[in-house]
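Structural description and commentary
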Amino acid sequence: VVKLVRHRPTSRKYAMKVIQLGCSEQERKQILIEVKTLHKSSVPGIIAFSDAFYADNAVHIILEYMDCGSLAAVLKRHGTLPEPLLARLSGGLLGGLEHLHRELKVIHRDIKPANVLLNNRGEVKLADLTPGS
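Below or above, wherever it landed, is the structure these notes cover. All values derive from a computational prediction rather than experimental measurement. (Residues numbered from 1 in each chain as written. Predicted model: local features only at pLDDT ≥ 70, side-chain atom pairs only at ≥ 80, totals over all residues. Heavy atoms only, no water.)

A word on the sheet that holds strand β5 (residues 69-70). Sheet architecture is open: three strands sit in the order β5-β6-β7, paired in antiparallel fashion. This sheet does not close on itself; its edge strands, each paired only once, are β5 and β7 (124-126). With three bridges joining them, strand β6 (residues 116-118) and β7 adopt antiparallel strand pairing. Bridging from a neighbouring strand, Leu118 pairs with Val124 of β7. Strands in contact with helix α3 (residues 83-104) are β6 and β7; relative to β7, the strand with the most contacts, it is inclined by about 35 degrees. (Pairing = 2+ DSSP bridges. Helix = DSSP H or I, 4+ residues; strand = E, 2+ residues; numbered from the N terminus. Contact = heavy atoms within 4.5 Å. Axes fitted to C-alpha atoms, helices over the stretch in contact; angles between N-to-C directions.)

Next comes the structure, spelled out in structure tokens:
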């Protein structure tokens, strides 16, 4: 579950990803890997990590807010996208993937339109870095 939250002192918007914890050790390991990967990935093609905390049997991850939503939502609203725009989106994604692979030795195993986020500045960023999700 992802919620829009606002930092009260600055009024800045953030996305808060809430992951309810089950009892699976594998699930806990995947969440920890995602948080560590986000923390190490301060690059343009990866969603920016701000903070994480545990409360109410859930992990809350505070992330950069991308005001245009996912590529899946944009495609649903507007239909197909022109090829030059797709080329620009692809270039942004490749930078993020290159960082994950070369610098962190992480493979994003769930690249799909729902995990590609966009904002009104034309930036495109990868999200949901949980391995095998």
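In space, the four strands of this open sheet follow the order β1-β2-β4-β3, with antiparallel pairing throughout. Lying at the two open borders of the sheet, with one neighbouring strand each, are β1 (2-6) and β3 (49-55). Neighbouring strand axes in the sheet, compared pairwise and without regard to direction, differ in orientation by 25 degrees on average. Two strands pair when backbone bridges link them, and β1 and strand β2 (residues 13-20) are joined in this way by five bridges, in the antiparallel orientation. For Lys3, the partnering residue across the bridge sits in β2 and is Met16. Against the sheet, helix α1 (residues 25-40) engages β2, β3 and β4 (58-64), with an angle of about 25 degrees to β4.

In short, shape yes, function no, at least from these values alone.
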